[in-house]
Amino acid sequence: MSVAQYKDSFAFNAAVNEFYIDSARKENHTKPAAAMQYSTAGQSRDITLTSPLKSAENSANEEALKKLRDYKINNCTKCGLSKERNLIVFGEGDADSDLMFIGEAPGADEDKTGRPFIGKAGQLLTKIIESINLKREDVYIANIIKCRPPGNRNPEQNEIENCSPFLREQIDIIKPKIICTLGKFSTMFIFNEINNAAAGGDNIEFEKIGSHRGKIYNYKNIKVIPTFHPSYLLRNPSAKKDVWEDMKLIRVLLSEYI
Ligand code: SF4
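Predicted model, so just to flag it, every value in this text is computed and none were measured. (Residues numbered from 1 in each chain as written. Predicted model: local features only at pLDDT ≥ 70, side-chain atom pairs only at ≥ 80, totals over all residues.)

## Focus: the overall build of the protein chain
Okay, so step 1: For the protein chain, the helix and strand inventory stands at 11 helices and eight strands.
Okay, so step 2: The buried share among the 258 residues of the protein chain stands at 41%.
Okay, so step 3: A separation of at least 24 residues holds for 80% of the contacts in the protein chain among residues at least 6 apart in sequence. (Helix = DSSP H or I, 4+ residues; strand = E, 2+ residues; numbered from the N terminus. Buried ≥ 20, exposed ≤ 12 C-beta atoms within 10 Å, placed from the backbone. Contact = placed C-beta atoms within 7 Å.)

What follows is the structure, given as structure tokens:
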């Protein structure tokens, strides 16, 4: 799908009810500072997630991703994770999307199917995406690591170093306007990328997601919004209210590009 239309309103739809209200409506919360800069008052127009210009590139982007998957990643044995994987989880979604979600690594369900974020955490991510009136197929979803770490352990540094060039290529092909990093590892990866590219010695030190969410970072002119990983939300439902604020921020930013 190259162009997705949705109403630019913050009405609580069914997905929001499932994603947010069930666990968070009784809690008081305040808007994060960055989000407060973005008033949503009076916005009710239709917007598209991808610009017509980018849509024209769609088939080229899809073709480039296919080549990356078929010729560079399939059968990859660059790190030890290749030994125990069933399937490589490349990523999926709209190759032309303005919005990309980046997670950490595949889990058991993803390893079996070759699709990212389809287990319990993935189902929650789908609801999160739908909470801002987008469909899962409107965005692109990928992980830093393409093969499942045994027992869902954290990825190791050498695995990140071996696998992250693939993610870099995916980002360069898709050229999203916004990246939402899900959790610690993808946020740390983008911070490292920003720090390595900074000529003036900018150095963003990762503290914890709670310290970075609600803020906007710049990576190659892409706006980066860190937020909690859906797996964390399954264990800590009270954090859903923060992710809801981050999603509203993303939606306002998307509307600015149209
Ligand atoms: S995790 Fe990445 S680098 Fe390691 S084998 Fe899989 S695709 Fe290759």
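## What to know about the site of the ligand
Okay, so step 1: Taken together, the neighbourhood of the ligand is formed by 14 residues, with Cys76, Cys79, Ser82, Cys147 and Cys163 sitting nearest.
Okay, so step 2: Top contributing element to the shell around the ligand by residue count: helix H7 (residues 157-174), with three residues.
Okay, so step 3: Split into classes, the residues belonging to the shell around the ligand amount to eight nonpolar, three polar and three charged. (Near = placed C-beta within 6 Å. Nonpolar A, V, L, I, M, F, W, Y, C, P; charged D, E, K, R; others polar.)

## What about the nonpolar core?
Okay, so step 1: Counting 54 residues, the largest nonpolar core has Met100, Phe101, Val139, Ile144 and Ile250 as the members making the most contacts within it.
Okay, so step 2: In this structure valine 139 touches Gly93, Asp94, Ser97, Leu99, Met100, Phe101, Ile129 and Leu134, once residues within four positions along its chain are discounted. (Core = buried A, V, L, I, M, F, W, Y, C linked by C-beta atoms within 7 Å.)

## Comments concerning H7
Okay, so step 1: Helix length check: H7 (18 residues) gives 25 Å between terminal C-alpha atoms against 26 Å at 1.5 Å per residue, within 8%.
Okay, so step 2: Along H7, the sharpest kink reaches roughly 40°, centred on cysteine 163 and followed within four residues by the proline proline 165.
Okay, so step 3: Residues Glu159, Ile160, Cys163, Phe166, Leu167, Gln170, Ile171 and Ile174 constitute the buried set of H7.
Okay, so step 4: Two residues or fewer past H7, lysine 175 is found with a positive phi of approximately 50°. (Expected span 1.5 Å × (residues − 1). Bend = angle between axes of the 7 residues up to and from the residue.)

## Brief notes about the environment of alanine 60
Okay, so step 1: Here alanine 60 is to be found in helix H4 (residues 58-73).
Okay, so step 2: Linking alanine 60 and alanine 95, residues 35 residues apart in sequence, is a C-alpha distance of 8.9 Å.

## Remarks on the environment of tryptophan 244
Okay, so step 1: Along the chain, the position of tryptophan 244 falls in helix H11 (residues 240-256).
Okay, so step 2: Separated by 115 residues in the primary sequence, tryptophan 244 and isoleucine 129 have C-alpha atoms spaced 10.0 Å apart.

## Concerning the pairing of strand E5 (residues 140-143)
Okay, so step 1: The alternating pattern of E5 places Tyr140 and Ala142 and Ile141 and Asn143 on opposite faces, both of which are buried.
Okay, so step 2: Examined bridge by bridge, strand E3 (residues 92-93) and E5 share two bridges and lie antiparallel to one another. Residue pairing for E5: glutamate 92 is matched across the bridge by isoleucine 141.
Okay, so step 3: With four bridges joining them, strand E4 (residues 99-103) and E5 adopt parallel strand pairing. Bridge pairing in E5 places glycine 103 opposite asparagine 143. (Pairing = 2+ DSSP bridges.)

## Some details on helix H6 (residues 120-130)
Okay, so step 1: Within H6 the residues assigned to the buried category are Ala121, Gly122, Leu124, Leu125, Ile128 and Ile129. End-on, the buried residues of H6 take up no more than an arc of 155°, which puts them together on one face. (Arc of directions from axis to C-beta.)

## Comments concerning the environment of isoleucine 178
Okay, so step 1: Mapping isoleucine 178 onto the fold places it in strand E6 (residues 178-182).
Okay, so step 2: Accessibility expressed as a C-beta count within 10 Å gives 21 for isoleucine 178, which makes it buried.
Okay, so step 3: Considering only alpha carbons, one finds isoleucine 178 and leucine 253, 75 residues apart in sequence, at a separation of 8.1 Å.
Okay, so step 4: Those residues within four positions of isoleucine 178 in sequence are excluded, and the remaining contacts are Asp98, Leu99, Ile222, Lys223, Ile225, Ile250, Leu253 and Leu254.

## Quick notes on unusual backbone geometry
Okay, so step 1: One non-glycine residue with positive phi stands out, namely phenylalanine 117, at about 50°.
Okay, so step 2: Here phenylalanine 117 lies in the loop between helix H5 (108-113) and H6.
Okay, so step 3: At lysine 220, a position not held by glycine, the phi torsion is positive, near 50°.
Okay, so step 4: Inspection of the secondary structure puts lysine 220 in the loop between strand E7 (217-219) and strand E8 (222-227).
Okay, so step 5: Classification of lysine 220 as partly exposed rests on a count of 14 C-beta atoms within 10 Å.

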